[in-house]
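What the coordinates show
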Amino acid sequence: MRTFLTSLCALIMLSGVFGAQAQTDAPTGPVILTVTGPDSSEALLDLDMLEGLAQTVTIVETPWYDGSQEFSGPLISDLMAYLDITGSELSFIAQNDYAATMPWSDIESYPVILATRHNGEPMSLRDKGPLFVIYPFDAYPELRNEVTYSRSVWQVKAIRVSP
Ligand SMILES: Nc1nc2c(c(=O)[nH]1)N[C@H]1C(S)=C(S)[C@@H](COP(=O)(O)O)O[C@H]1N2
Ligand SMILES: [Mo]
């Protein structure tokens, strides 16, 4: 009984410690994405966590490849829901420190994905990986403009959400 009570106390204390974190999962593989929420909280994600979310396949013509290409990954709106984050703007920061900001309405109005795969394969840095913001340019022709192209950040390493 004493052992049981001790374990129960330990369990309650542990859930207290972990319950304080917004994030329920922890990365087990290399961290490929850091998401900073509007309250400056940081969530670290690996590929398995991103691919554990529902995956959307987007087939698109883009300015960056010849012909139609298939990309897949979670909807950015689903990723934000998973992390319990909402905000007014999202900034995507690339490995080369290129950054672009999109209004929150973009991820509500369009199925924008954070692609983890290109034609079924994980993306190397050379192929604009590991993460690439992909808009559905084929399904929504109004997206084919310089503003949206500039928001199509590749080699994404971080997302910052403004309140
Ligand atoms: N990582 C990264 N993503 C990026 C850029 C960049 O320099 N680095 N340029 C952006 C801009 S401003 C546009 S218009 C397009 C540029 O594509 P292009 O260089 O093939 O014209 O990609 C966007 N994504
Ligand atoms: Mo651009």
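Residues numbered from 1 in each chain as written. Chains lettered and ligands numbered in written order. Predicted model: local features only at pLDDT ≥ 70, side-chain atom pairs only at ≥ 80, totals over all residues. Heavy atoms only, no water.

**Quick notes on the environment of L114**
Cut-off, in case you're wondering: Note on conventions: DSSP H or I runs of at least 4 residues are helices, E runs of at least 2 residues are strands, and numbering of each starts at the N terminus. Note on definitions: a residue-residue contact is assigned when non-hydrogen atoms from the two residues lie within 4.5 Å.
Note that L114 resides in strand β7 (residues 113-115). Distance in space between the C-alpha atoms of L114 and V133 is 4.7 Å, their sequence separation being 19 residues. Contacts of L114, omitting those with residues within four sequence positions, involve L33, S72, G73, P74, I76, L79, L131, F132, V133, V156 and I159.

**Topic: the sheet that holds strand β8 (residues 117-118)**
What counts is decided by this rule: Any two strands are treated as partners once DSSP identifies two or more bridges connecting them.
If you trace the four strands from one edge of the open sheet to the other, you get β3-β4-β8-β9, paired in antiparallel fashion. Both outer strands of the open sheet, β3 (56-60) and β9 (121-122), are each paired with one neighbouring strand and no more. In the sheet, strand β4 (residues 69-73) pairs with β8 via two bridges, with the strands oriented antiparallel. Bridge pairing in β8 places F71 opposite H118.

**Digging into the pairing of β4**
Rules: Buried means the residue's accessible area, taken with a 1.4 Å probe over protein chains only, is under 20% of the maximum for its type, while exposed means over 50%, and partly exposed covers the values in between.
Counting buried positions along β4 gives four out of five residues, so the element sits mostly inside the fold. Examined bridge by bridge, β3 and β4 share five bridges and lie antiparallel to one another. Opposite T56, over in β4, you have G73 as the bridge partner.

**Some details on the confidence of the model for the chain**
Note the following rule: Each residue carries a pLDDT score, the predictor's confidence in it, ranging from 0 to 100.
Looking at the chain as a whole, its pLDDT mean stands at 90, while 85% of the residues score no less than 70. For the stretch residues 1-22, pLDDT sits under 50, and the model shows one contact to residues farther than four places along the chain or on other chains.

**Here we look at the pairing of strand β11 (residues 156-162)**
Two elements, strand β1 (residues 33-36) and β11, share three bridges in a ladder whose sense is parallel. Looking at the pairing, T36 lines up with R160 of β11. Looking at chain direction, strand β5 (residues 89-94) and β11 are connected through six bridges and run antiparallel. Looking at β11, one finds that I93 is bridged to A158.

**Describing the site of ligand 1**
Our working definition: One heavy atom within 4 Å of a molecule or strand is enough for the residue carrying it to be called near that molecule or strand. Between N or O atoms, a polar contact is any pair within 3.5 Å; within protein, one atom must be a potential hydrogen donor and the other a potential acceptor, and residues adjacent in sequence are included only when both atoms are from side chains. Surface accessibility follows the Shrake-Rupley procedure with a 1.4 Å probe radius. Residue values consider only the protein chains on display as shielding. Just so you know the grouping, Ala, Val, Leu, Ile, Met, Phe, Trp, Tyr, Cys and Pro go in nonpolar, Asp, Glu, Lys and Arg go in charged, and all remaining residues, Gly too, go in polar.
The local shell around ligand 1 consists of W64, A94, N96, Y98, E146, Y149, S150, S152, V153 and W154. Between a nitrogen atom of ligand 1 and a main-chain N or O atom of S152, the distance comes to 3.1 Å. For ligand 1, whose accessible area on its own is 530 Å², the fraction buried by protein is 65%. Here the element with the most residues in the shell around ligand 1 is helix α5 (residues 146-151); it accounts for three residues. Here the residues of the shell around ligand 1 sort into six nonpolar, three polar and one charged.

**Quick look at the pattern of salt bridges**
Pairing between side chains becomes possible if they bear opposite charge and their charged atoms approach one another. The condition that has to hold: Salt bridge criterion: a side-chain nitrogen from Lys or Arg within 4 Å of a carboxyl oxygen from Asp or Glu.
All told, the structure shown has three salt bridges when counted by the stated rule. Among the ionic pairs, E51 bridges to R117, the shortest N-O distance being 2.8 Å. Of this pair, E51 sits in helix α2 (residues 47-52) while R117 is found in strand β8, placing the two residues 66 residues apart along the sequence. A relative accessible area of 24% places E51 in the partly exposed class. When the shortest N-O distance is used, the salt bridge between K157 and D97 registers 3.2 Å. Taken together, the positions of K157 in strand β11 and D97 in the loop between β5 and β6 (99-103) put the pair 60 residues apart, joining distant regions of the chain.

**Overview of unusual backbone geometry**
The residue after G129, namely P130, is reached through a cis peptide bond having omega 5°. Locating P130 in the fold gives a position in the loop between β9 and β10 (132-134). Of note in the backbone geometry, K128 takes a positive phi value of approximately 65° without being a glycine. Among the structural elements, K128 can be located in the loop between β9 and β10.

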